[in-house]
Amino acid sequence: MTTTRPSLLFARLAPTAGGLLLCSLALAACGGDERGPYPLEPGRERPAPDREVPEAATALERLGVRDEQGRPVLVPTLPQGWQAQPASSMRVISARVPGSGAGDGDLAVSWAGGDVASNVSRWLGQFGLPPVDEQGIDALPRGQLAGGPAVLVEAKGRYDGGMGPAPAADGQMLLGMVSLLPGRDRLFVKLVGPDALVEAQRDAFITFCATLVRAGTATSAPRPVAAPTAGSAPVPGSTPAPGSAAPAATPPAGPRAGLDAGRLAWDLPSGWKAQKPRGMMRIMDFRVEGAAGTEGVLFQLAGDGGGVALNINRWRGQMGQPELAPEAIAALPRVRWLGRDAAWVEITGTYQGMSGERVEGALFVGVVCLLQADSLFFRLVGPKAEVEPQRDALRSLLASMREGG
Amino acid sequence: MIRRLAGRLVDLLGSYALAVSVLSLLFVLTLFGTLEQRYASIYDVQTKYFESLLLTDLRTGPDSSFPILLPGGYLLLALLGVNLVVGGVLRVRKSLPTLLLACGTVLLLGVVLPTISAGAMFVVAGLVTLLLFVVTGWAWPQADWGRLGVLVVHGGILMLLAAGLVEFYASDKGTLALAEVEGGPYRRAGDEFESYYEWDLVVAEHLEGGGVRERVVPFERFEGLAPGESARFEDAALPFDVRLSGFHRNCVVVQEREGGVDGLALRRLPPDPEKSERNEPGMLVTLLEKGPGGRTHRGLVHADQSFPWRVGVSREGRTQAWDVDLRRRRWSFPFTLRLDEFVAAYHPGTTRPKEYSSRVTKMEEGSSEPILITMNQPLRHKGYTFFQSSFEPSREVVTREGRRVRTPPVSIFSVVRNPADAWPLTACGIIMVGLAYMMGMKLAKHMRSERARRAA
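Residues numbered from 1 in each chain as written. Chains lettered and ligands numbered in written order. Predicted model: local features only at pLDDT ≥ 70, side-chain atom pairs only at ≥ 80, totals over all residues.

We now examine the overall build of chain A. Scanning chain A from terminus to terminus reveals 10 helices and 21 strands. Residues counted as buried form 36% of the 405 residues belonging to chain A. Long-range pairs, those at least 24 residues apart, make up 59% of the contacts in chain A between residues at least 6 apart in sequence. (Helix = DSSP H or I, 4+ residues; strand = E, 2+ residues; numbered from the N terminus. Buried ≥ 20, exposed ≤ 12 C-beta atoms within 10 Å, placed from the backbone. Contact = placed C-beta atoms within 7 Å.)

Structure follows, in structure tokens:
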């Protein structure tokens, strides 16, 4: 029988263990931190993409952004006359609604936890009114807040001042909108001020709530905006209650950094017709009389929309043409559009649209105009014989385009 | 010596002590798991406590935990299964006729019960119990039928455990939303349902005819990526390789003034403590064009993105569009369901639904069948079960152009594909027969002894 002393055992095992360790380290170093390669698994063929991708969409428009607390960053469209105030830790958006001698209105947009009933009860308590329960919430009119359903709350009487800057006073009124969307935090909008002032701003308040959007979606397409309806709004067949205001069809003008597409005007060339836009990002679609296969699209993107080169080369790809070098893009002819020089490109070939449409022998006329905070794009596509005679018409359309029409 | 050790191991595995210990530990896990739901979602707790081999910590607060070493639910249930087989089937004293009759009974019930209704199940179970009495008490009373009931009951319990195992490995659970009217984001008919918790990366190629062909990177391939780690995927038919990195199970998109991708970055959030399905994953996707001079495209994808990331990739001198999307995993089912009508009844004067149901049409191989799905009456077909779980009522909305439109009612179904869907009920039927036989035999024995006592 033999015995092995611990020190001897260690001496025998150490080189082996060390070697294994070194081999492991070497293997790890060779392999890096990348796994694979693995094969992609076959998926399904679908007749059409699941979701439409807007023309030259930016990453910001696609992804949106959140604040440090993980809440969507909101972009307000302040109604005429409302004055933006500095935000604070409690208020993500703050505004003053100027009034007459009776005082101003105070608007606060904030996120908070808790259920709807307790928060609405807190507001009502500031006016000395009894609290509401969930059934009471069910009976409140419905509205739309930042793309989701909400309840509209009203209170009148003596206001105790709450936590805002408005002083305690008689003859005050509160208009509030509370999001019904589930989530860790709930969105609240509250306007408090003299009752005559707040009452006069009712439509503006409802529209403000309905047009509040997440950053990155400010230029996105028409989204449904719920009309406030009374009582059990979700019951099929219900209609808006008399007196419950609907948001204005067109958002009121307000301070905007970029181009307000709603205020864009132009003179239609002879034989051209403007049509309701069919997709996101589009401002207007155009058709030309006697040119059934031709379509014009005017669309707007935030920022530079990816830039002139990227968009023109994307268009060339749709026409089955190779990309242009930067020098060639720089040498493209220019036309005047909204007081700026816009790149004009003409591409011939077979047009293959993103939605599957295909035009043989097509001519694609594209125009890119970079503005201060947005970009405008125009594309006219159709059979070459139809599009060629419309060059001058398109130039005149662009030249006539103006803001504030 | 080895034989003695093996014998002891078998003794241990089949012992009552092991059964009691395992059941006690399962109780402890259930208790701790219930307490931990204060800080974590049910899904996370279930994964940690009941789908694990070992439990290494107990959560004592939102950000604190206590180190501990306990067997996980998966290990305990496996031990329970072994204990049942060894102690309740292999080592139990039995004669060959008893074993054969028990196996025959379990097999017969296992085949017949899944094919009949719950009401008929009671009748069949009663008849089989009667048959057992006839066989063991009248036809062949001289044979040793001891432990027949025990064996049948254990067979039923084993089937229950097997149902859990099959469900764990082979079931899919998700949701399907159908609207009364097709259009926009609403679908009236569907043959796919979506996962609650799993997300796949989908790379879609635009085809000539306007359609798309999808390729998928499954969730399992990237959910475990550590910070700084990436995974590469390739396909000979694709003009690029795909590299995934920076995966976060729950994150938001934030603006990044310096660095980031397109001025944006992903910021990690803790998993949702209440509902795991609320988690919104995101990651960095890099497309590496093949061939010399191939370009590299980098883009963030996020669960909440409004539309896929569209990338123009050069191929044979032209640019081809590819869509990259992070979306909930989808499973197809072998038929189509179309929503014909959704009906909701409300408590008077409220918007609280009292009951709701969906009239659907099941379309399959050229035939269609109208079906009513209610809250307590799911549709079961080909291993799939559709439960009426929720709905979105019709709402009147005003578009930005000022048009008033009404959204269609949307019916939401929970969908489960579980090959062992009928096994638990069948197992209950088997256990019922075994228990009824055991109690019947006890009663008969008692009556015989009473008769003998009176006669004496």
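What follows concerns the overall build of chain B. A tally of helices and strands in chain B yields nine helices and 20 strands. Here chain B holds 456 residues, and the buried ones make up 31% of them. For chain B, restricting intrachain contacts to residue pairs at least 6 apart in sequence, the fraction spanning at least 24 positions comes to 57%.

Attention shifts here to the nonpolar core. If you look at the biggest cluster of nonpolar residues, it comprises 40 residues, and the most contacted ones within it are Leu145, Val153, Val178 and Cys209 of chain A. Mapped by element, the contributors of at least two residues to this core are β5 (93–97), β6 (105–112), α3 (116–125), β8 (148–159), β9 (169–179), β10 (186–194), α5 (195–200) and α6 (202–211) of chain A. (Core = buried A, V, L, I, M, F, W, Y, C linked by C-beta atoms within 7 Å.)

This brings us to helix α1 (residues 2–13) of chain B. Taking 1.5 Å as the rise per residue, α1 of chain B with 12 residues should run 16 Å; its terminal C-alpha atoms sit 16 Å apart, in good agreement. Among the 12 residues that make up α1 of chain B, zero are buried, leaving the element largely open to the surroundings. (Expected span 1.5 Å × (residues − 1).)

Let's shift gears to the sheet that holds strand β6 (residues 230–234) of chain B. Strand order in the open sheet made by the five strands is β1(A)-β6(B)-β7(B)-β10(B)-β11(B), with mixed pairing throughout. Each of the sheet's edge strands pairs with one partner strand only, and the pair in question is β1 (34–39) of chain A together with β11 (296–302) of chain B. Here the strands of the sheet are splayed against their neighbours by 20 degrees on average, with no regard to which way each runs. Both strand β10 (residues 282–289) of chain B and β11 of chain B contribute to a ladder of seven bridges, which runs antiparallel. (Pairing = 2+ DSSP bridges. Axes fitted to C-alpha atoms, helices over the stretch in contact; angles between N-to-C directions.)

Before going further, it helps to examine helix α10 (residues 391–400) of chain A. Among the residues of α10 of chain A, those classed as buried are Leu394, Leu397 and Leu398 of chain A. Angularly, the buried residues of α10 of chain A cover 95 degrees about the axis, an arc narrow enough to put them on a single face. (Arc of directions from axis to C-beta.)

A cis geometry characterises the amide bond from glycine 36 of chain A onward to proline 37 of chain A, with omega recorded as 5 degrees. If you trace the backbone, proline 37 of chain A turns up in strand β1.

Attention now moves to the sheet that holds β10 of chain A. Residues and elements named next belong to chain A. Read from one edge to the other, the open sheet built from seven strands follows the order β4-β5-β6-β10-β9-β8-β7, with strand pairing classed as antiparallel. Pairing within the sheet leaves two strands with one partner each, and these edge strands are β4 (83–85) and β7 (142–145). For this sheet, the mean inter-axis angle between neighbouring strands, taken without regard to orientation, is 30 degrees. Where β7 meets β8, four bridges bridge the pair, whose relative direction is antiparallel. Within β8, the position partnered with glycine 143 by the bridge is alanine 150. Helix-sheet contacts for α6 involve β7, β8, β9 and β10, and the interaxial angle to β7 is about 50 degrees.

Before going further, it helps to examine the environment of tryptophan 337 of chain A. All names here are of chain A. Here tryptophan 337 shows up in strand β17 (residues 334–337). On the basis of neighbour counts, which here come to 21 C-beta atoms within 10 Å, the residue tryptophan 337 falls in the buried class. For the pair tryptophan 337 and leucine 376, spaced 39 residues apart in sequence, the C-alpha separation works out to 9.2 Å. With residues near it in sequence (within four places) discarded, tryptophan 337 still touches Ala342, Val367, Cys369, Leu376, Leu398 and Met401.

Our next topic: the environment of alanine 274 of chain A. Residues and elements named next belong to chain A. Looking at where alanine 274 falls in the secondary structure, it is placed in strand β14 (residues 272–275). With 11 residues separating them in the primary sequence, alanine 274 and aspartate 285 have C-alpha atoms 5.9 Å apart. Aside from chain neighbours lying at most four places away, what touches alanine 274 is Leu268, Met284 and Phe286.

A word on the confidence of the model for chain A. All names here are of chain A. On average, residues of chain A carry a pLDDT of 75, and 75% of them reach 70 or more. When mean pLDDT is compared element by element in chain A, helix α9 (residues 384–387) scores highest at 93, while strand β12 (residues 225–226) scores lowest at 31. Low pLDDT, under 50, characterises residues 218–257; the stretch is placed with 111 contacts to residues that sit more than four places away or in other chains. (pLDDT = per-residue confidence, 0-100.)

This part is about the packing of helix α5 (residues 96–112) of chain B against helix α7 (residues 148–170) of chain B. Packed helix pairs are specified by the crossing angle of their axes together with the interaxial distance, meaning the distance between the axes. All names here are of chain B. Running from N to C, α5 and α7 cross one another at 40 degrees; their axes reach a closest spacing of 9 Å. Judged by the inter-axis angle, α5 sits oblique to α7. In terms of crossing hand, the pair formed by α5 and α7 is right-handed. Between α5 and α7, the residues in contact are Thr98, Leu99, Leu101, Ala102, Thr105, Val106 and Gly110 and Leu148, Leu151, Val152, Gly155 and Met159, respectively. (Parallel < 35°, antiparallel > 145°, perpendicular 65-115°, else oblique. Left-handed = near helix turned anticlockwise from the far one by under 90°.)

A few words on the pairing of β6 of chain A. Residues and elements named next belong to chain A. Where β5 lies against β6, five bridges are found, and the strand directions are antiparallel. Across the sheet, arginine 96 pairs through a bridge with aspartate 106, a residue of β6. Strand direction decides the pairing type here: β6 and β10, joined by seven bridges, are antiparallel. The residue bridging aspartate 106 from the neighbouring strand is valine 192, located in β10.

Residue and element names in this part refer to chain B. Two elements in contact, helix α2 (residues 16–36) and helix α4 (residues 73–90), have axes whose closest approach is 10 Å; the angle formed by their N-to-C orientations is 155 degrees. With respect to each other, α2 and α4 are oriented roughly antiparallel. The way α2 lies across α4 gives a crossing that is left-handed. Note on element contacts: α4 touches α2 through Gly73, Leu76, Leu79, Leu80, Asn83 and Gly87, opposite Leu18, Ala19, Val22, Leu25, Leu26 and Leu29. Among the residues making up the contact of α2 with α4, the classes are represented as nine nonpolar, three polar and no charged. (Nonpolar A, V, L, I, M, F, W, Y, C, P; charged D, E, K, R; others polar.)

The subject of this paragraph is the pairing of strand β3 (residues 172–179) of chain B. Residues and elements named next belong to chain B. Of the strand pairs in this sheet, β3 and strand β20 (residues 410–417) are connected by eight bridges, and their pairing is antiparallel. Counted as the bridge partner of leucine 176 is phenylalanine 413 from β20. Bridge analysis of β3 against strand β4 (residues 189–206) gives two bridges, and the strand direction is antiparallel. Each bridged residue has a counterpart across the sheet, and for threonine 175 the counterpart in β4 is glutamate 194.

The next subject is the confidence of the model for chain B. Overall, the prediction assigns chain B a mean pLDDT of 89, with 97% of residues at 70 or greater. The ipTM, which scores confidence in the relative placement of chains, is 0.76 for this predicted complex, and the corresponding pTM is 0.61.

Residue and element names in this part refer to chain A. Among the secondary structure elements, leucine 181 is positioned in the loop between β9 and β10. Judged by the 13 C-beta atoms lying within 10 Å of it, leucine 181 is partly exposed. Separated by 34 residues in sequence, leucine 181 and glycine 147 place their C-alpha atoms 9.6 Å apart.

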